[in-house]
Amino acid sequence: MRKWGKRIPTLCVTTVAAVSVLAAGCVRIEPGDSVTSRPGLNGTGSGPGCGIQDPVPVGAVLSLTEGAAFAGQYQREGLELGFKELNAREGVRYSLIMEDDKTDLGEGIAAFEKLIHREDASIIIGPTLSDLAFSTFEDAQDARTPVLGISTTADGIPEIGDYVFRNSLPEEYALAESIPAAREALGLETVAVLHDSEDEFTSSAYATMIEVLSDEGLRVVADENFETSDTEFRSQLTKIADGDPDALVLSALPNATIPLVRQARELGIDAPIVGGNAFNSPVMIANLDSAAEGLIVGGAWSSALDSEGNAEFIDAYIDAYGRAPDQFAAQAYTAAKMIDAAVRADCDGNREAIKNNLAQLDGLETVLGTVSLDEAGEVDQQPVVQIVEDGEFTLLEG
Amino acid sequence: MSQQLANGLFSGAIYALFAIGFTLVFGILRHLNLAHASIFTAGAYLGIDLVARFGVPIWTAFPLVALAGVALGVVLERVAFRPLAGRADEHFAGLISSVAFGGMLVAALQARYGTQQHSFPVDAFPNRIYDIAGISISLAQVITLTVALSAMAALAWLVAASQAGRAMRAVAENPNAARILGVHVERVTASTYALSSALGATAGVLMVLNVGQAHLSMGLSIELTGFAVIILGGMGSLAGAMLAGVMLGLAESLTVHYIGSSYKDVAAFVLLFAVLLLRPQGLFGTIRVREA
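Residues numbered from 1 in each chain as written. Chains lettered and ligands numbered in written order. Predicted model: local features only at pLDDT ≥ 70, side-chain atom pairs only at ≥ 80, totals over all residues.

Let us look at the overall build of chain B. Looking only at helices and strands, chain B has 11 helices and 2 strands in total. N-terminal to C-terminal, the α/β element order of chain B is α-α-α-α-β-β-α-α-α-α-α-α-α. Expressed as lengths along the three principal axes of its C-alpha atoms, the size of chain B is roughly 60 × 50 × 35 Å. (Helix = DSSP H or I, 4+ residues; strand = E, 2+ residues; numbered from the N terminus.)

See the structure below:
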């Protein structure tokens, strides 16, 4: 007992010290806290004449491995190319800090934590998947760190807060454009619908798809679904074939599109297939060959788009990586240009300045076309509707 | 309806082909080899590489992929299972080390082939479509079913009637007794892994021909179904794996047709639970009584 009596003051001191350390540590992640403005990121001049002493730290959290790496790798390349071009210009340099979330929420949260609190990133790009964006964007919002989503298209993401932006055209906007375009160009009356019911992105698009189909007066003769990991779709496609639709409307992730289209064609479904962002890949056409004919793609970008710098972007990308870019790469590349515009607007690479200037981004000419961000942080751009004809994407004319 | 039955039969053949290699190792060695899905994926990528990059005809690629599967199986046994032999937690530790081996193999595939989907060149395989009484069947489906049935029959004969099979069964019953009787236990174990992995790798190529593409998570996609198949058929039973694969395929197709695609997996696993309730050892399994 006497022994414990001697130890009580020591225990008290230790406990108080531990609580103080914990409390001090907790202060950093209190909602509303912000990293102090760094003088080295405050420059002089503006626009092309802007000069900032320190490199602006830009974080990126992408799915470079595991399930969503099909998109994350293109995004990495698009970002690297974009910032490499920006760093070749005078005045502002960027240091890109890339983290792999391994397509996992826990890894994504840890990567955001590191970029916000240890790397003091001025802005974070990513993550690749909408499923990972909800939690990570809330953390960034609480820490007053701007984030720019480049493929997070699910409903409700910009509404997380005023530090949240995206340049990724939601699937529903693309479908809202491609379904009427297909109906008008091909005279559709009936459709079958097939969607991935397990994924946030495709489920969100499915809800819009049904609304648009109803608005357009198109009759749905079959409505089937599947799960993200499925590779065998013949059962659903057989039911669809029984309905004999004029077209098949599809909301799926890229991994599912090739098996789906091939199996549909094998079962004798020759109707046009209308899809969203997942179809927008040169790899898909190459792998599907003649089965790709008649695919109609609504998306944010096309290699055929006559937008500012698009042809140069494609050439530079092929030179750098030995393959053609896809939409994920184009959106990542555009993110670099948007951040540069926001930094140069006030010649300030700090978080608050970037956030304020992204919120006012209006009419920026990019490879995606003319891009603006509205007051909610949502992208405003004209979707592109394409059809595969003779093995190539061409713009679908009504 | 008849098309749905055909769909179920052929997707079941894929499940069965994957599960036959899986269950062979379990039936003989009592090891759950969780690297099987990665070897399945590796077989698919290697097959595509041989055809697309080296111009090897698809029919030649099959035996080459099977040989690569043999090599992978031998390495797997040597690095992930043999060092653990004789330990009290041999089976559990082997399960974990096979997960690690599988993870490393997929990481190596990613480093070599990247993360995007891969397919055979369009002209590499004449995937003819046959219309038989209104049922659409592809050549790839016919080959898959034939290979699955042949593999099951050949392995069943090998295990039941050949000299090698007798040695395998002796090792399965009691490795120490088998060793005393002159059976080279390590060689038999390595051969079992080699055979199982050759089948797994070949199944990967057939999967790509059936569905149209390979991707890094294709093994994981089928692994859970593979588990269900070997449990339903009876752990270690080759005929059980074949029958259970087809039953699961048919259950999925008929559920989509009659109930709805949302219930596809539910029906398959309800079938699994129902069989396990009525026959816990699975369709062809036997209740083993081990003596100390």
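Attention shifts here to the overall build of chain A. Of the regular secondary structure elements, chain A holds 12 helices and 15 strands. Within chain A, contacts between residues at least 6 apart in sequence are counted, and of these 70% link residues at least 24 apart. (Contact = placed C-beta atoms within 7 Å.)

It is worth spelling out the nonpolar core at this point. Core analysis: the biggest nonpolar cluster contains 124 residues, and A:Leu248 and A:Ile339 have the highest contact counts within it. Among the elements that make up this core, the one with the highest residue count is helix 11 (residues 327-346) of chain A (11 residues). Filtering out sequence-adjacent residues up to four positions away, A:Leu248 remains in contact with A:Val191, A:Ala192, A:Leu194, A:Ile240, A:Ala264, A:Ile269, A:Ala271 and A:Ile273. The next biggest cluster of nonpolar side chains, apart from the first, holds 89 residues, and it includes B:Ala19, B:Val106, B:Ala151 and B:Leu206. (Core = buried A, V, L, I, M, F, W, Y, C linked by C-beta atoms within 7 Å. Buried ≥ 20, exposed ≤ 12 C-beta atoms within 10 Å, placed from the backbone.)

Let's shift gears to the sheet that holds strand 4 (residues 147-149) of chain A. Strand pairing within a sheet occurs via backbone hydrogen bonds; the two strands may be parallel or antiparallel. All names here are of chain A. Strands sit in the order 2-1-3-4-5 across an open sheet of 5 strands; the sheet is parallel. Looking at the sheet topology across the chains shown, the edges are occupied by strand 2 (94-100) and strand 5 (164-166). Averaged over all neighbouring strand pairs, the angle between strand axes comes to 25°, with direction disregarded. In this sheet, strand 4 lies alongside strand 3 (residues 123-125) in parallel orientation, the contact comprising 2 bridges. Looking at strand 4, one finds that Ile-124 is bridged to Val-147. The strands that helix 2 (residues 69-87) touches are strand 1 (56-62), strand 2 and strand 3; relative to strand 2, the one it contacts most, it runs at about 170°. Where helix 3 (residues 105-118) meets the sheet, it contacts strand 1, strand 2 and strand 3, and its direction lies at approximately 175° from that of strand 1. (Pairing = 2+ DSSP bridges. Axes fitted to C-alpha atoms, helices over the stretch in contact; angles between N-to-C directions.)

What follows covers the interface of chain A and chain B. Every contact between the two is made by 27 residues of chain A and, on the other side, 27 residues of chain B. Among the residues making up the side of chain A that touches chain B, the classes are represented as 7 nonpolar, 13 polar and 7 charged. (Nonpolar A, V, L, I, M, F, W, Y, C, P; charged D, E, K, R; others polar.)

Once that is clear, we can look at helix 3 of chain A. The α-helix advances 3.6 residues per turn, and as a result positions three or four apart in sequence lie on the same side. All names here are of chain A. With 14 residues, helix 3 ought to run about 20 Å at 1.5 Å a step, and its terminal C-alpha atoms sit 19 Å apart, in line with that. Looking only at helix 3, the buried set comprises Gly-108, Ala-111, Phe-112, Leu-115 and Ile-116. Across the axial projection of helix 3, the buried residues extend over an arc of 125°, all falling on one side. Seen from the buried face of helix 3, the exposed residues on the opposite side, beyond 90 degrees, are Gly-106 and Arg-118. (Expected span 1.5 Å × (residues − 1). Arc of directions from axis to C-beta.)

Negative phi characterises most residues that are not glycine, and trans characterises most peptide bonds. All names here are of chain A. Cis geometry marks the peptide bond from Gly-126 to Pro-127, where omega comes out at 0°. The phi torsion at Arg-144 lies on the positive side, around 50°, for a residue other than glycine. Note on placement: Arg-144 falls in the loop between helix 4 (130-142) and strand 4. Taking the C-beta count within 10 Å as the criterion, Arg-144 has 18 such neighbours and is therefore assigned partly exposed. In the Ramachandran plot, Cys-347 falls in the positive-phi region, its phi being about 50° despite a non-glycine side chain. Counting through the fold element by element, Cys-347 comes out in the loop between helix 11 and helix 12 (351-358). The class of Cys-347 is buried, set by 20 C-beta atoms lying within 10 Å.

Residue and element names in this part refer to chain B. Where helix 2 (residues 36-52) meets helix 8 (residues 185-211), the axes come as close as 7 Å, and the angle between the chain directions of the two elements is 55°. Classified by the interaxial angle, the pair formed by helix 2 and helix 8 is oblique. Between helix 2 and helix 8 the crossing geometry is right-handed. Contacts between helix 2 and helix 8 pair His-36, Ile-39, Phe-40, Thr-41, Ala-42, Gly-43, Ala-44, Gly-47 and Ile-48 from the former with Ser-196, Ser-197, Gly-200, Ala-201, Thr-202, Ala-203, Gly-204, Val-205, Met-207 and Val-208 from the latter. (Parallel < 35°, antiparallel > 145°, perpendicular 65-115°, else oblique. Left-handed = near helix turned anticlockwise from the far one by under 90°.)

Residue and element names in this part refer to chain A. Read across the sheet, 7 strands follow the order 7-6-8-9-10-14-15 without closing on themselves; strand pairing throughout is mixed. For this open sheet the edge positions go to strand 7 (219-226) and strand 15 (392-395), each flanked by a neighbour on one side alone. Between one strand axis and the next, the sheet turns through 25° on average, direction left out of account. One ladder, built from 4 bridges, connects strand 10 (residues 295-299) with strand 14 (residues 384-389); its direction is antiparallel. The residue bridging Val-297 from the neighbouring strand is Gln-386, located in strand 14.

Let's shift gears to the environment of B:Ser2. Residue and element names in this part refer to chain B. With respect to the element layout, Ser-2 can be found in helix 1 (residues 2-29). The class for Ser-2 is exposed, based on 11 C-beta atoms found within 10 Å. Sequence separation between Ser-2 and Arg-30 is 28 residues, and the spatial gap between their C-alpha atoms is 39 Å. Sequence-distant contacts of Ser-2, defined by excluding residues within four places in its chain, comprise Gly-134 and Ile-135.

The next thing to look at is the environment of B:Thr189. Residue and element names in this part refer to chain B. Structurally, the position occupied by Thr-189 is in helix 8. Taking the C-beta count within 10 Å as the criterion, Thr-189 has 22 such neighbours and is therefore assigned buried. Sequence separation between Thr-189 and Glu-77 is 112 residues, and the spatial gap between their C-alpha atoms is 7.6 Å. Residue contacts for Thr-189: discarding those within four places in its chain leaves Leu-29, Glu-77 and Val-171.

Residues and elements named next belong to chain B. Helix 10 (residues 238-258) packs onto helix 1 with a crossing angle of 145° between their chain directions and a minimal axis gap of 6 Å. Of the two possible hands of crossing, helix 1 and helix 10 adopt the one that is right-handed. The residue makeup of the contact of helix 1 with helix 10, split by class, is 16 nonpolar, 10 polar and 1 charged.

All names here are of chain A. Burial analysis of strand 14 places 5 of its 6 residues in the buried class, the great majority of the element. Pairing analysis gives 4 bridges linking strand 14 to strand 15, with the strands arranged antiparallel. Of the residues in strand 15, the one forming a bridge with Ile-387 is Thr-394. Hairpin connection, strand 14 to strand 15: the antiparallel pair is bridged by 2 residues, and Asp-390 has positive phi, about 50°.

For the rest of this paragraph, the subject is the confidence of the model for chain A. Residue and element names in this part refer to chain A. Overall, the predicted model of chain A reaches an average pLDDT of 87, with 90% of residues at or above 70. Here residues 1-6 is modelled with pLDDT under 50, and outside its nearest four sequence neighbours on either side it reaches 0 contacts, counting other chains as well. The low-confidence segment residues 15-33 (pLDDT under 50) makes 5 contacts with residues lying over four places distant or belonging to another chain. (pLDDT = per-residue confidence, 0-100.)

Buried within helix 12 of chain A are the following residues: A:Arg351, A:Ala353, A:Ile354, A:Lys355 and A:Leu358. Looking at the buried side of helix 12 of chain A, the elements it contacts are strand 3, strand 5, helix 11 and strand 12 (369-373) of chain A.

As a further point, take the pairing of strand 2 (residues 135-138) of chain B. Along any regular strand, the residues point their side chains to alternate faces of the sheet. Here strand 1 (residues 129-132) of chain B runs beside strand 2 of chain B; their pairing, made up of 4 bridges, is antiparallel. Its bridge partner lying in strand 2 of chain B, B:Asp131 is registered against B:Ser136.

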